[in-house]
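Observations on the three-dimensional arrangement
Here are the chains, one letter per residue:
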Amino acid sequence: MARKSQTIALLIFFVAAALSKTSYATVISTYWGQNLYEGTLKEACDTGIYDIINLAFLNVFGGGQTPSLNLAGHCDPPSGTCVIFGEQITYCQGLGIKILLSLGGAAGNYYLSSQDDAQSVADYLWNTFLGGRTSAGPLGDATLDGIDFDIEGISNLYYDDLARFLKEKSESVYLSAAPQCPFPDYYMGAAIATGLFDTVWTQFYNNPPCQYSDGVTDDLINSWNQWTTSINVTNLFMGLPAAENAAPSGGYIPVDNLISDVLPVIESTAKYGGVMLWSRYYDVQTGYGASIKSSTLGDGLVSSS
Ligand SMILES: *[C@@H]1O[C@H](CO)[C@@H](O)[C@H](O)[C@H]1NC(C)=O
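All of these numbers come straight from a predicted model, not from anything done at the bench. (Residues numbered from 1 in each chain as written. Predicted model: local features only at pLDDT ≥ 70, side-chain atom pairs only at ≥ 80, totals over all residues. Heavy atoms only, no water.)

What about the confidence of the model for the chain?
The predicted model of the chain has a mean per-residue pLDDT of 92, with 89% of residues at 70 or higher. Across residues 13-22, where pLDDT falls below 50, the model places seven contacts with residues more than four positions away in sequence or in other chains. Ignoring residues within four places in sequence, the model shows residues 298-305, a span with pLDDT below 50, making 16 contacts including any to other chains. (pLDDT = per-residue confidence, 0-100. Contact = heavy atoms within 4.5 Å.)

Regarding unusual backbone geometry
In this structure, Phe57 follows Ala56 across a cis peptide bond, with omega equal to 5°. Residue placement: Phe57 occurs in strand E3 (residues 52-61). The omega angle of the peptide bond from Trp278 to Ser279 is -5°, so this bond is cis rather than trans. Relative to the assigned elements, Ser279 resides in the loop between strand E11 (272-278) and helix H9 (280-286). Here the phi dihedral of Ile154 falls at roughly 70°; this positive angle occurs in a residue that is not glycine. Tracing the backbone through its elements, the reader meets Ile154 in the loop between strand E7 (146-151) and helix H5 (159-169). The class for Ile154 is exposed, based on a relative accessible area of 52%. (Helix = DSSP H or I, 4+ residues; strand = E, 2+ residues; numbered from the N terminus. Buried < 20%, exposed > 50% of the residue type's maximum accessible area, 1.4 Å probe, protein only.)

Let's talk about the layout of surface pockets
Unoccupied space between atoms shows up once a probe the size of one water molecule is rolled over them. In this structure, the largest pocket occupies an estimated 240 Å³ of space. Contributing to the lining of the largest pocket are 18 residues, with Phe57, Ala106, Asp150, Glu152 and Trp278 lying nearest its centre. Of all elements in the fold, only E3 and E11 reach the threshold of two or more residues within the lining of the largest pocket. When the residues that make up the lining of the largest pocket are grouped by side-chain class, the tally is 10 nonpolar, six polar and two charged. (1 Å grid on protein atoms, 1.4 Å probe; cavity = no way out; pocket = protein on both sides within 12 Å on 5 of 7 lines; lining within 4 Å. Points joined across faces, edges and corners; volume = space filled by probe spheres on them. Nonpolar A, V, L, I, M, F, W, Y, C, P; charged D, E, K, R; others polar.)

Overview of the site of the ligand
Close contacts around the ligand come from Thr194, Gly195 and Asn232, and that covers them all. One of the backbone N or O atoms of Thr194 is found 2.7 Å from an oxygen atom in the ligand. One of the side-chain nitrogen or oxygen atoms of Asn232 is found 2.3 Å away from an oxygen atom of the ligand. Protein coverage of the free-state accessible area of the ligand, which is 360 Å², stands at 29%. (Near = heavy atom within 4 Å. Polar contact = N/O pair within 3.5 Å; in protein donor to acceptor, adjacent residues only side chain to side chain. Areas by Shrake-Rupley, 256 points an atom, 1.4 Å probe, with all protein chains shown as cover.)

Rendered as structure tokens:
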């Protein structure tokens, strides 16, 4: 009897110690699809570095256009060769990785011309890539977890409607957005303000007023604090370049500085969700994501206080 309660007391002690002194590895998302030399989607998933992967990009849609994928050299959408990624998507999801389709990007021809147009794009996405899919689509037999908005041009109109129409299809459609750090984002401010996004990974790079520069974190952290206090979202991620040449207009943070000077600050703020890296290609070159993951992984857990 005494022995048993001693054992239980010890157990409680260890569980309590584990809960109070540990935190889990940094959650990391990335973009895959814009460079053949980044390797396959399956290879990216097998690294164990990423928790969420955005397929980049669906860069033609809206205005009655036939929507079209651009996955750089990985496959040729018009001839249907991107269906090979269906199996890889399903494989990655089996590892617990969320796979999202990213709309937009820096180049393409996309815009929404009316609420009706937003509704037809929502219908197309739902029926082609999401839960409404009934036959193989451009990405084969895979059903994606959600949609990422990386709207960087042409028009800022009706994206709030698109977000609403997608969530009306099903609450379980995961929605993320990748705005620029100057607040609010011109293209997606209204969409983000709907409060319908599960995650926002703000791009704190290529934007000198709100990025890290030469060891100085002030502009970056001030902007982070503005985002975390101003938007209605569950998870805010810090979007960063995975290599110096991934962001021609700056914002690259050497990984040691990120780990010692930035992560400890943002991890303690409300809504902190993780780190987004642009992109898988650059991450292959530098091992940036692996360094973050291993720094916070330790023996699987690290001290947080
Ligand atoms: C956030 O947005 C959701 C969805 O629109 C809404 O239900 C909720 O009330 C909002 N929360 C705040 C704090 O504004």
